[in-house]
Structure formats: structure tokens, C-alpha cells
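# A look at the structure
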Amino acid sequence: MEKFIIQGGVPLKGKIRVQGAKNSALPLMAGCLLTKGSSRLKNIPRLTDITAMAEVLEKLGAEVKREDAVLEINTEKLSCHEAPYDLAKRLRASILILGPMLARFGYVRVPLPGGCNIGTRPVNLHLEGLKKLGAEIETKNGYIEAHAKKGLKGNNISLNLPSVGATENLLLAASLAKGITLINNASCSPEVIDLINFLKKMGAKIERIGDKLIKVEGVKELYPVIYSIIPDRIEAGTFIIAGIITRGEVTIEGIRADHLKTPLAKLREMGVNIEVSDNEVKIKKENVWKPIKIKTLPYPGFPTDIQPQITTLACLAQGVSVIVETIFKNRFTHISELRKMGADIERKKDVVLIKGASFLQGTSIVASDIRGGTALILAGLAAKGVTEVHNIYHIDRGHERIEERLSKLGANIFRMKE
Ligand code: EPZ
């Protein structure tokens, strides 16, 4: 196991480029199962989640090769229809092989994804939607076993909440189903749109009707493509907050500002001094910030994946902030750790009240999930003294060499063995 040692109080300075979006790479890797041949995905970050998904595809018989930020995925000879238990259990996104494997082969067996530290993470919407497309699905002994002997057939599906993963699984399945599928109350997150663009490039017939309705007309075959994924809006938000909370002067490059409208609007409401263009955000130095009221919502609302990071920022605001987490039941693992640093935070169910303090004090804290872990790094960068962040494997799931990239901005952070 490894930990980060952070000497806080250093204002970050310089330029940093965001990586490709982890939550776009994962569904697109699963999407390569829909076609025979070799697709190339570009702008793919080096993350443990991406490595795990590549291993799942390889267990199914695909060949996955990496050349810098390009993944070449050859699905000519898929030989197995079962995702390996140990691997798939570790990677929730392995559920996304359900749709493509059913669509292409009519049979797939994947472990029921476990819950994680941020909530139970059910997959009922995925399974109910696939059943509507004609799949027979059984969950027993911790596995999901799905058949579609007569192939999948288009249908009218309504999601009772705009689940990102369920929308993605149904898009993947419906692309090769016979006939028309309508997905009502679908997610319209940038990562879902990226998947739609990728599938259309493969030959899928997909049309968005307004923000919540997606129409898919199944086709007989899809073809391998070369596709470059979108930048990671969650990492962009994290680095923007890193620049602000250290009162530094940082430019975050390679972003899509249109994917960050709500977080940027909220930061402006806090009175921070930022300059935004289409592809970069400049943080002006000596920032001070006011408290904020935030409620996480499905895209385009405030993203749950930036909630922990802005909670850390609120710990040093001049006043009382209110943050409501509506997407996940338990996305507050970072709260106890921030309190150890002197944060004044009160939690009542899905609401946290944060009374801004004048400083945070470095100490030993533990990461429990990707975004909660990055929130703790931000706290360490801003705190007085030294902070040790343990269990940083969570952070490596979502951010490539984060300590090296932050060090280039002057952060005093390094990785060492526990
Ligand atoms: C995706 O998870 C992201 N992961 C998450 O990012 C992100 O927080 C989430 O979307 C935001 O909605 C990937 O894209 C790999 P959901 P996903 O289905 O698809 C409930 C990160 O840090 N739900 O949109 O699993 C669910 O419990 C990760 O990068 C059901 O009830 O999220 C949650 O409360 C964390 N039944 C809500 O919907 C279902 O069948 C939103 O979940 C599916 C979901």
C-alpha cells in the first residue's frame, strides 16, 4: 500500500493539462465488443480502472495494446462470454459488457457488481431495461446470467432516474437490436454523449430528441473506428479547486468549458477570480471565497463527482456553506477525515453544513474512494504542516500520476510505501 506525504501552504503556479475522461474511456472500451476487428481509442489515461477493464476484455478473448495514450482493442476472436469474478468485482464498470455481449452473442455472465464506499450501487435499471429488449436475466450465486437466444428487439424504455450506466448499457444493446428503441429519462452527461458519438461513428443510428429522450434504430453490423475521447471534466474541476484553495495562479488546459457550466457558475458565486475560455481556465492568485449552497443533481446539474472537492473548498470559505448530495447515499467518506484537520462540518443524512475555518491542520487521513481521496489531497495542499493521505490506490483509479503532475505546479507532494 502507498501514501501521499503533502507539505501544505504552497500556492500552485503554472499550467496543467487534464487527462481523457475515465468515465468515457470505460463505456467506449466495452463498446468495442460490439464489432469485429480493431478499434483505436485515443486520449486514454493510464489509470488502474482502465487497466482493469482492459484485463476484462482480454479474458473475453480481445487483444488490447497500449501505445502512449492510444488503446488498440481487437475483438476479432472473442472466445469467452464470462467476465472473471475477481476482476469484474473490483471494477463496477464491468457491468457495461452486458449490453454489447448480449447484442453480439446473445449470452453473457458477469458478477453482480458490489457496492462501494459511496453507496449500494444497484443495477436494477440496467437489468429491467435489457429485459425490455428481450433479454432473459437471472441473478444467482452473485452472478448475472443473461440470454437473448432470439436476439434483442427494440422497445420503449423509461428509466425512473437518469442513470448514466443504465443509459450506456441500453445504448450499447439497442445499437444492434432489431427495430427502434426509445430510452426515456436518459442521462445526457458528456460521457453518454461521447458514447453516442462513438457508436454513430461505428455506424449506429442514434438520435437525441431533447435532453432526456434517445432514439436508437438497431443496425445489422457495426464497424471498428478510431476515436478520441473527451477531456475529464471531473479532473478539470479538481485541478481548478486545487489552484483556488492554494491561492495560486494556475492555468488548466485541454478542458471543455461547456461541460463545466454548473461547477464554474458555483465557483463564481463563491467570488473566486477565474478566467474561462473554451479550452482553459485561468485561476488568478490570492483568491478568497464566500460560502455556497450546492445540491448535486444529474447532468447538467452540479456533478456528484465534484462534491467532495468543493466540500473541502467550503471548509475554508468565509461563512457557512450547505451541500446536499442527492445522487449517492453515502458520498461523505471525506467528512470524518476533514474534521480531523479541524474542519467544522455537521452532517444530517444527505445534508452537510460547513462552517468555514481560518485554516486546516495537516495530519494523517485515509482515502476511501476516488473523489473523496482527491478532496483529501486538496485539503493537504491547503493545510498548515504535513498531511499523510493513506490508501491512495483509490486515487490512482481516477487520476494518472496525480502527485507528479501537481509537483510540476510546485506542490510539495510525494508518494511513498506505507
Ligand atoms: C457513473 O456511475 C460514474 N461512473 C460515477 O463516477 C458517477 O458518480 C455517476 O455516474 C453519476 O451519476 C462511471 O461512469 C464509470 P448512475 P453509475 O447509474 O453509472 C442509482 C467516479 O468517481 N442507480 O448514474 O454507476 C445509483 O445507486 C464514479 O468516477 C439505481 O438505483 O451511476 C445512484 O444513486 C463514482 N439503479 C444513482 O442511480 C441502477 O440500476 C446514479 O447512478 C443504476 C443506478
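In this text, all values refer to a predicted model and were calculated from it rather than measured experimentally.

### Observations concerning the nonpolar core
- Within the largest apolar cluster, 75 residues are counted, with the highest numbers of intra-cluster contacts made by Leu-41, Leu-171, Phe-198 and Leu-199.
- Ignoring anything within four residues of it in the chain, the contact list for Leu-41 reads Leu-28, Met-29, Cys-32, Ala-69, Val-70, Leu-71, Ile-73, Phe-198 and Tyr-227.
- By size, the runner-up hydrophobic cluster in this structure holds 62 residues, among which are Ile-6, Ile-294, Ile-323 and Met-341.

### Some remarks on the packing of aromatic side chains
- Considering all chains together, one arrives at two aromatic pairs under this definition.
- On the basis of an interplanar angle of 50° and a centroid distance of 5.6 Å, the ring pair of Tyr-85 and Tyr-143 is categorised as tilted. With a gap of 58 residues between them, Tyr-85 in helix 3 (residues 85-90) and Tyr-143 in strand 8 (residues 143-147) connect regions that are remote in the sequence.
- Under the relative-accessibility criterion, Tyr-85 is labelled partly exposed at 37%.
- Summarising the aromatic geometry, the rings of Phe-198 and Tyr-227 are spaced 5.7 Å apart at their centres and angled 80° between planes, so their arrangement reads as edge-to-face. Remark: Tyr-227 occurs in strand 13 (residues 226-228) and Phe-198 occurs in helix 7 (residues 190-201); sequence separation between them is 29 residues.

### Remarks on the site of the ligand
- Inspection of the region around the ligand gives 20 residues, with Asn-124, Leu-125, Ser-163, Asp-305 and Ile-327 positioned closest.
- Starting from 810 Å² of accessible surface for the ligand in isolation, the protein chains cover 85%.
- Elements with a contribution of two residues or more to the shell around the ligand: helix 1 (22-31), helix 5 (124-132) and helix 6 (164-174).
- With three residues, helix 5 is the single largest residue contributor to the shell around the ligand.
- Residues belonging to the shell around the ligand are distributed by class as follows: eight nonpolar, six polar and six charged.
- For the shell around the ligand, the two domains that each supply at least three residues are domain 1 (2-18 + 232-417) and domain 2 (22-228).

### Here we look at the domain arrangement of the chain
- Per the domain assignment, the segments making up the chain are domain 1 (2-18 + 232-417) and domain 2 (22-228).
- With centres defined by C-alpha atoms, the gap from domain 1 to domain 2 works out at 31 Å.
- With 22 residues of domain 1 at the contact, the number on the domain 2 side is 16 residues.
- Interface area for domain 1 against domain 2, summed over the two sides, is near 1500 Å², with a carbon-plus-sulfur share of 54%.
- Seen at the junction of domain 1 and domain 2, the total is two salt bridges.
- Between Asp-49 and Arg-397 there is a salt bridge whose closest N-O contact spans 2.8 Å.
- Inspection of the region where domain 1 meets domain 2 yields nine residue pairs in polar contact (both at pLDDT 80 or more).
- Looking at the side of domain 1 that touches domain 2, the elements with two or more residues in it are helix 12 (370-382) and helix 13 (393-396).
- Here the side of domain 1 that touches domain 2 is built from residues that sort into five nonpolar, seven polar and ten charged.

What counts and how
Residues numbered from 1 in each chain as written. Predicted model: local features only at pLDDT ≥ 70, side-chain atom pairs only at ≥ 80, totals over all residues. Heavy atoms only, no water. Core = buried A, V, L, I, M, F, W, Y, C linked by side-chain atoms within 4.5 Å. Buried < 20%, exposed > 50% of the residue type's maximum accessible area, 1.4 Å probe, protein only. Contact = heavy atoms within 4.5 Å. Phe/Tyr/Trp six-rings, centres within 6.5 Å; stacked < 30°, edge-to-face > 60°. Helix = DSSP H or I, 4+ residues; strand = E, 2+ residues; numbered from the N terminus. Near = heavy atom within 4 Å. Areas by Shrake-Rupley, 256 points an atom, 1.4 Å probe, with all protein chains shown as cover. Nonpolar A, V, L, I, M, F, W, Y, C, P; charged D, E, K, R; others polar. Domains from an automatic or database assignment. Buried area = accessible area lost by both parts, 1.4 Å probe. Salt bridge = Lys/Arg side-chain N within 4 Å of Asp/Glu carboxyl O. Polar contact = N/O pair within 3.5 Å; in protein donor to acceptor, adjacent residues only side chain to side chain.

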